[in-house]
Each structure stands twice: as C-alpha cells, then as structure tokens.
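# Summary of structural features
The lines below spell out each chain.
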Amino acid sequence: MANKYVGQRVKRTEDPRLIQGLGHYVDDIKLPDTLYVAFLRSMYAHARINSIDTSQAAKSPGVVAVYTGKDVADKVGPVPCAAALPGLKVPDYRVLATDHAVFVGQPIAAVVATDRYAARDAVDLITVDYEELPAVVDVEEAAKGGPVIYEEYGDNIAYKLTSGEGDIDAALASADHIIKQRIMHSRLAPIAMEPRGVLARYFPGEQELTVWSSTQIPHLLRTQLAIMIGIPENKLRVITPEVGGGFGSKLNVYAEEALLGWISMQLSKPVKWIETRRENILATIHGRGQVGYVEIGCKIDGTITGFRYNVFADMGAYHQLLTPAIPTLTGLMLSGSYRIPAIQMNVTGVFTNKMATDAYRGAGRPEATYVIERAVDLIAAELGLDPVEVRRKNFPAPDEFPFKTATGLFYDSGNYEGALSKALEMADYSKLREDQKKARDEGKIIGIGVSTYVEICAIGPSQATPAGGWESATVRIEPTGKVTVLTGASPHGQGQETSFAQIVADELGVDLNDIAVIHGDTSIVQYGIGTFGSRATAIGGTAVFMAVEKLKEKAKQIAAHMLATVPESVVFNEGRFSKEAAAAAAAEETSTGGAPAASDGKSLTIQEIALAAHLARQIPPGMEPGLSATHFFEPSNFTFPFGTHIAVVEIDRETGDVKFLRYIAVDDCGKVINPMLVEGQIHGGIVQSIGQALYEEVVHDEQGQVLTGTLMDYAVPKAAHCPRFELERTETPSPVNPLGVKGVGEAGTIGATPAIVGAIVDALSPFGVRHLDMPIRPEAVWRIINQQP
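Structural notes, computed from the coordinates. (Residues numbered from 1 in each chain as written. Predicted model: local features only at pLDDT ≥ 70, side-chain atom pairs only at ≥ 80, totals over all residues. Heavy atoms only, no water.)

### Here's the deal with the sheet that holds strand S22 (residues 570–573)
Spatially, 3 strands are ordered S22-S23-S24 in an open sheet, and the strand pairing comes out antiparallel. This sheet does not close on itself; its edge strands, each paired only once, are S22 and strand S24 (603–605). Geometrically, the sheet is characterised by an average inter-axis angle of 20 degrees between neighbouring strands, direction not taken into account. Alignment of strand S23 (residues 576–579) against S24, held across 3 bridges, turns out to be antiparallel. By the bridge assignment for S24, Ser-578 is matched with Ser-603. (Pairing = 2+ DSSP bridges. Helix = DSSP H or I, 4+ residues; strand = E, 2+ residues; numbered from the N terminus. Axes fitted to C-alpha atoms, helices over the stretch in contact; angles between N-to-C directions.)

Printed below as a string of structure tokens:
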C-alpha cells in the first residue's frame, strides 16, 4: 500500500486549537465552588522546624483550612522513588515538611481559601520557628563530608555504583597518551512554557476522585497517587489537559499532586493550585548537576584504548521518581559513537541541600555525549590531529551492527560515517578550515566544533525500566466509519496526535481528518506508561500500528464472509477489501455459512465493514461484534539514533560575545513519519543546548539560597541568539520495531552542546584554551582574550 501520509510534511492537527487560544490547560478548567491552595515554602536550605503557628492564617478572610506537615504525615504517603540500585538510600520525603527542611522552596504548609489571593495573603501570616542549620551545596564537598543532611545515614552519599566492561587498567596502561580533564555539568531549570498545575475534585457519594494534572505520565501518576493517599485506584481518575511543555520535569510524582487530592477528599470541594514561575525554578526538578573526571587513553594515531569516568552526581535533598537512575544512563552511553574496548564509570550519588535533580531533556545522555565528545576533542588537540579524523578512526563500521559496547548495550543499527560525511559536505569542511585560517590571520576569532553522537531512545524493555517499558494502543472504527485511537502515550508537544493519525490513515486508507487520537485520560484510555525518553512513537506508535494490523485482520474476515469467499482470497488496498480474481473463483465454490451480501459484490470499504461489524447481521458465526483492537507493545531492545552536528562561531574581541556563523545538523532517527515534526524537535533541542552552553545555570550561594530564582536572573536563549539551522538527515531504520523508527525528541539537546563548546574552545585555542565549562559567558571569554585573571 502506498504511503499517502507517512513521510509527508503534514501540519500538526493539534495546532489550530493552540494558536487560537482554544486549548485547555489546567488553569482553564473551571469548576463550581473551587477553592485555591497556596504554599508556605522553606526560606532556608537546611533548618530544624521547632514550631509552626497557623492561627492567624486560619482567621484570615476567605481561608477555609490550613495544613502543616504534622496534619498530614500519617495520612499521605511519601513522595515515591521508582529507581532501584544496590545500597540506595531513599529519604522519607513527605508532602509537607514536619520537623526538618532540606532545601529552599520545600513545602512547609498549605493554605486553602476561596480565592488564590486570599490564600497567598494568609501564607504570609504563618509563623515558623526555624533553627537554621549548616547547608551543604557543593557536590564534591558534600561527598567528602561537610554538614550531614540526614543524621540517620551518617554521611551525604546516596549510593555508589561502578559500571562498564573490559579491563580498564590494562586498557589505559596500553595507551601511548593519557588525557585527563575535569568536566562540569551545571544545574539547569527545565523552564517549561507552562509551570505545573493541579486541580482535584472529590465526589463523596461516589467516593471518586478526579485529578487534572499537567503530567507526562497520567497512568503512572494515578497508581502512585492511589498508594499515597489511600484511595482505590479504580476510584481515581487522572486527566492530563494541555501540558505546556515538560522536557522530563513533569514525569515525576510531586508533593502538590498528592496533597491536593487529599485536601479535596477532606473538604469535598474542588481545589486548585497553579505554580508560579518562582516556585517552578525553586521546587520543580532540576536537570544535569554532575561533576566528573575524565581519564581516556589513546594510541599515537588516535585509536581509543580505554575510558574511565569518575563522576559525582548531585541528587539534591531527596529522590524524585527517577533521580538516582539518571547517572546510570550516563554510564550506559559513555561509549558514544565509538569502538572503545574498555569503559568504567564510577558514580557517587550525593545529597545536597537543593531541589532534587531528575530527567531533563536527554536525561543522562547529554551528559555522556558531552563527556566523550569533549574527550575526543582533547585527544585531537593532544595529538595535533583533526577532530574529524579521530572520530572516523574510532567509528564502528555499518556491518558491525548490532554493535556491542563496553557499557553492555547493543546498538541496533547505524552508519555514523554516512551522517558525518553528509554534514561535512554541507559545511564544505575543508574550505571552512581554510577560511578559518585566513580569518585568524586577519585577527578574527573563528572556531569550528564537531559532534558525532549516538543516543539511547525508545526507553522500553521492561527489564531495564522501573515502571514497565511497554506501551499500549486501542484502535476503533465507529459505526459511521470514523476512527478513534486511544494511546497510552501522553504527548505534550511532540505532535503524536498528528503522527499517529498519519500511521493509521495510511494503514486503513482513510482520510487523516477522520481520525481522532485520544490520550491523557485514565478513565478512557487503557493503561499506558507515558511520554518521555523519546519513546512515544517508537513504542507507542508501534503499539498503534500493531493494533491496526489486528483490526485489519478482523475486518478481512468480515469482508471475506460478506464477499462469499475465504480470507486468503481477500486483499486490502486504499481502504477497500476486494477478492483476488483467480483465488476468488475457486473459493466461491467452497464458501459456506451465513448469508453474505456486498454493496457491489466485488469490494467493500473499511467503513462498510465497520458498520456491518456493529450491526452484526453479516459477520461470521461466533465472531464478536464491533471493530476494534488493542495491542501492548513490548520492545526487545532500545533504539539508538545518531548524527553529526557542526557549529561555526565568531567571538567578538571587545565584548566576548559568541556569534553563530553557521549551524549544521544531520540526524538519523530511523524511518521518519513526519519530517516537519522531526525538524521541530531538533530545532527545540538545539536551542536548549544553546541555553546550556552559553547562558543557563541554577546558581546557589553558600547558604543554599537560589540566586537565579526568576527569569530576570535565569537566562534562557531568545530568538536573536539562535542561528538559522541547516538540517538534513540520513535514514537507517531500526530493526527493533516494524515501523523502523528510533526517536528524535532529545537529539538536538544531545548532539549540540559538544559542537557549540567545541567551536568556542577551537576559537580560543590560540590563547591556550584546552577546555571550558558551561555556561561559557561573555565575561569569561573576554578575560581569556584580554589575558585578565
């Protein structure tokens, strides 16, 4: 069957409601008699709470209730951590602090009032007797000792883990050169366009609770909330309206979600909380936060012999859902796109008096890619080789796939040289280097950075995930011929309402506009895992495809019955079932049972089959009426997209500002369903990398106070900071799923930072620069150029 939609640049069907302001976010949901919640949050990074006086707040106009940690400690369970690692210490972190505050922004008390302003005013009337304690903020100092956050643990070490394969000591001993480098990944705030929001409504008669939440994982959230607040899971409904961006920051189970559900159950009224941007920066998870030490060995020709990476991972003050698991993803991807015989990562997870870190776009893979790509650049600089040649020297060949890495993974498919060659051709790389030399002779500061990345996507096999790695889909054709798709994935900007419809439209031969894709409602959609880790299309889309195949098989049996033939003689094309002429002639002689009838006696549309399936008068004896199918797809492996990014920058001598001259990206995400969606994901990922490389950092002072608590202080890139992106792709299908797709949601974030930093370091190499940590701010660059301390 020819593809009418798959592979085409189809505009997102989601966009009209969003660009017209007709979408519904949590705060757009209006329920009668809604009460509003505001939180008192800790002003200290580390403090003992001696007492809390809420009496004045409770008397404030409009206040309905005030809750403290002691009110809810035995009624609402701890915030869950799904990661399981040997020796992992998991603090008993409650939805409201009781006697111990461990980071600035931690919820201490909740005020419920008739409007949000009354609630916020009453928060200011709560008096807390704090005893400030010494805070530990630096991850390396916390690992050494310093003030201990949890006395019961005796130190700040959350866990230690060693991973990798091969004899690392022998591999390094065999090297002609050993390169060492300290590499830091600053903390980042995800800064989704819309902060978090929760609305909860309890019906006491039915004993049913509905929670509207801007979450990436509606079904997993339902399960965890049911456990936390003690309500039967089949009496709890989670609805995810428009999310407004997530980037991983909304795939957790937060204190506010559980507490609002519990409050609604106490008051039997709807309660709503909408996060402010200051709360968002303080108390929504942060990303990255690692300090590592690279030790990489190589031969004189640039061949890598071994790679050891010792890393201190900043957990923050407690574990969110996946906090301890993020550094393990870093370890899995340390081989990058290279053949490295021996790899060892030694990770030390460390508690600090800061908000928890967790998955932020890429979740461990940007850290790994940045580390290995910087290491390869350091090898090239050490040996006086071109960075491109060092990469080529260590690539596995296409016929080596599936490729086994020394981190224990099997890369599914790849042609790294193909992506690199295309990017070099687009850039006219040889001429770029010539132009760079001429520009330097003229006094200009020009740099070229190259990154060849591979990432782990389609976070899937259940044995490797804490909460199941499969995904679900139901496809149903209604009696009128319209198609409904129910997906357990929970898209929130990725465009799967469009791409899933494209898959179904081609497979069923129906119009794209006749398909509705429904997600994010646990009372309508069968249980699913959610959207994160670039898994929604590779796993969720495959579940949709497999459900369609099941549906077509049933439709084929009905068609054969109605056409008075056997299923083997029926073919399906362009939305129509018809008899194969030669087979049908013989089959009609042996066909028995029922009283078949067809519109023209020769073919039937899928819509006619759907109506017949629901009327159930012309279906084979014993067949269930209706035309729908459900499939749960469990992948056998992850998928591994890859690509090459090239950045060209010029640095202003007078200001230290970095200007992009060109940005080229060639990405391979397997088979492409919708090129427009792919490009949009890559654009967004690169922009977030520009932010990390040049501007963004959550900064704490020595007392643990957040100095970048608003968007006046936390800098994110603007349109003027971004170059025109020159995008191309190669297409290497994955053998892991029948669609051949790999995933692309995080590709730009993973491939871009090494290219950008590599370009800046290359530009400053005449000044003796070997490495710079992100973010690389103009002041630091100016000081290097002007030889200022």
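Picking up after the structure, the text goes on.
### Let's talk about unusual backbone geometry
Following Phe-401, the chain continues to Pro-402 via a peptide bond in cis, the omega torsion being 0 degrees. Across the junction of Met-774 and Pro-775, the peptide omega takes the value -5 degrees, indicating a cis bond. Residue placement: Pro-775 occurs in the loop between helix H20 (747–764) and helix H21 (778–785). Look at Gln-207: it is not a glycine, yet its phi comes out positive at around 55 degrees. One non-glycine residue with positive phi stands out, namely Ala-564, at about 60 degrees. Along the polypeptide, Ala-564 turns up in the loop between helix H16 (536–562) and S22.

### Here we look at the nonpolar core
Within the largest apolar cluster, 164 residues are counted, with the highest numbers of intra-cluster contacts made by Phe-307, Tyr-663, Ile-760 and Leu-764. Looking at this core element by element, the count peaks at 11 residues for H20. Filtering out sequence-adjacent residues up to four positions away, Leu-764 remains in contact with Ile-445, Ile-651, Val-769, Leu-772, Val-781, Ile-784 and Ile-785. The next biggest cluster of nonpolar side chains, apart from the first, holds 50 residues, and it includes Leu-508, Ile-515, Phe-633 and Leu-739. (Core = buried A, V, L, I, M, F, W, Y, C linked by side-chain atoms within 4.5 Å. Buried < 20%, exposed > 50% of the residue type's maximum accessible area, 1.4 Å probe, protein only. Contact = heavy atoms within 4.5 Å.)

### Some words on the layout of surface pockets
In this structure, the second largest pocket encloses a volume near 710 Å³. If you go around the second largest pocket, you meet 28 residues; those closest to its centre are Phe-39, Arg-41, Arg-120, Val-123 and Glu-279. Take the lining of the second largest pocket: its biggest share by element is 6 residues, from strand S1 (residues 35–41). Grouping the constituent residues of the lining of the second largest pocket by class yields 16 nonpolar, 5 polar and 7 charged. (1 Å grid on protein atoms, 1.4 Å probe; cavity = no way out; pocket = protein on both sides within 12 Å on 5 of 7 lines; lining within 4 Å. Points joined across faces, edges and corners; volume = space filled by probe spheres on them. Nonpolar A, V, L, I, M, F, W, Y, C, P; charged D, E, K, R; others polar.)

### A look at the state of the cysteines
The final tally for this structure, using the stated rule, is 0 disulfides. Of all cysteine sulfurs in the structure, the one in Cys-669 sits closest to Cys-457, which takes part in no disulfide; the separation is 9.1 Å. (Disulfide = S-S within 2.5 Å.)

### Focus on the packing of aromatic side chains
Within this structure, the stated rule accounts for 23 aromatic pairs. With centroids separated by 5.1 Å and ring planes inclined at 75 degrees, the aromatic side chains of Tyr-44 and Tyr-130 adopt a geometry described as edge-to-face. One end of the pair, Tyr-44, is in the loop between S1 and strand S2 (47–53); the other, Tyr-130, is in strand S6 (residues 127–132), and 86 residues separate them in sequence. A relative accessible area of 21% means that Tyr-44 is categorised as partly exposed. Of the residues examined, Tyr-130 reaches a relative accessible area of 16% and is grouped as buried. Seen from their ring centres, Phe-401 and Phe-403 are 6.1 Å apart, and the 50 degrees between their planes marks the pair as tilted. Of the two residues examined, Phe-401 and Phe-403, each falls in the buried class. (Phe/Tyr/Trp six-rings, centres within 6.5 Å; stacked < 30°, edge-to-face > 60°.)

### Remarks on the pattern of salt bridges
This structure, assessed with the given rule, holds 46 salt bridges. For the salt bridge of Asp-314 with Lys-354, the shortest nitrogen-to-oxygen distance reads 2.6 Å. Pair noted here: Asp-314 is in strand S14 (residues 304–316) and Lys-354 is in the loop between strand S15 (343–351) and helix H11 (365–383), with a separation of 40 residues, a long-range link. Here Asp-314 matches Lys-354 in class, with each residue buried. Residue Glu-507 is joined to Lys-552 by a salt bridge in which the shortest nitrogen-to-oxygen separation is 3.0 Å. Placement of Glu-507 in helix H15 (residues 496–508) and of Lys-552 in helix H16 is noted, with a sequence separation of 45 residues between them. Under the relative-accessibility criterion, Glu-507 is labelled buried at 18%. Relative accessible area serves as the criterion here: at 14%, Lys-552 is assigned to the buried category. (Salt bridge = Lys/Arg side-chain N within 4 Å of Asp/Glu carboxyl O.)

### Focus on the packing of helix H19 (residues 675–695) against H20
Here H19 crosses H20 at 45 degrees, and the two axes come no closer than 8 Å. It follows from the interaxial angle that H19 and H20 lie oblique. Relative to H20, the crossing made by H19 is right-handed. Facing Ile-682, Gly-685, Ile-686, Gln-688, Ser-689, Ile-690, Gln-692, Ala-693 and Leu-694 of H19, the residues of H20 in contact are Gly-748, Thr-749, Ala-752, Thr-753, Ile-756, Val-757 and Ile-760. The residue inventory of the contact of H19 with H20, partitioned by class, reads 9 nonpolar, 7 polar and no charged. (Parallel < 35°, antiparallel > 145°, perpendicular 65-115°, else oblique. Left-handed = near helix turned anticlockwise from the far one by under 90°.)

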